[in-house]
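Residue strings, one per chain:
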Amino acid sequence: FRFICEFIMLTFLLRNFFAAMVIGYIYMEASFMMIILVEDATDFKFNYILSVSNLLSLCSYSNSKMGYVNGEDILLYDFSLEPSYIIGTILVSLIMGTLCLLLAYKNFEKADMK
């Protein structure tokens, strides 16, 4: 939700969806690089601060272990999330998404009145 709202805001601010698409792609890739570099070099975790870091942590496959099921050794993945992480993600996404949409609306309202 938050990621889509950020792209909507970019489109309304730039008034050109091609430019918003290019800048949004650059933003996404730069955010991924920054998050990976900072989290690998330090103990700081972005968690749900940025929409890209939230997507990256939700799609993490690092919680795996070998298990024994039906007579076979298989790789088991644990995709469970802490309740505080889920609540934080929902709250930050709703707040930031709403702010992005309000900013886009205010910009559209100014442009529409001209």
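For the structure, check the block above.
These figures come from a predicted structure and were not determined experimentally.

Details of the side chain of R2
Piece 1. Tracing the backbone shows R2 in helix 1 (residues 2-14).
Piece 2. One buried charged side chain, R2, makes no salt bridge at all; its nearest oppositely charged neighbour is E6, positioned 5.1 Å away.
Piece 3. Ignoring sequence-local partners within four residues, the contact set of R2 consists of Y48, I49, L50, S51, N54, V92, S93, M96 and G97.

Side note on the pairing of strand 1 (residues 64-69)
Side-chain positions along a regular strand alternate between the two faces of the sheet.
Piece 1. Bridge count between strand 1 and strand 2 (residues 72-77): six bridges; the pairing is antiparallel. Its bridge partner lying in strand 2, M66 is registered against L75.

Overview of the side chain of T89
Piece 1. Tracing the chain through its elements places T89 in helix 4 (residues 83-113).
Piece 2. Setting aside anything within four residues of it in sequence, one finds T89 in contact with Y48 and N54.

Things to note about the environment of I8
Piece 1. Within the secondary structure, I8 is located in helix 1.
Piece 2. Not counting residues within four places of it along the chain, the set of residues in contact with I8 comprises L101 and A104.

Conventions we followed
Residues numbered from 1 in each chain as written. Predicted model: local features only at pLDDT ≥ 70, side-chain atom pairs only at ≥ 80, totals over all residues. Heavy atoms only, no water. Helix = DSSP H or I, 4+ residues; strand = E, 2+ residues; numbered from the N terminus. Buried < 20%, exposed > 50% of the residue type's maximum accessible area, 1.4 Å probe, protein only. Lys, Arg positive; Asp, Glu negative; His and termini not counted. Salt bridge = Lys/Arg side-chain N within 4 Å of Asp/Glu carboxyl O. Contact = heavy atoms within 4.5 Å. Pairing = 2+ DSSP bridges.

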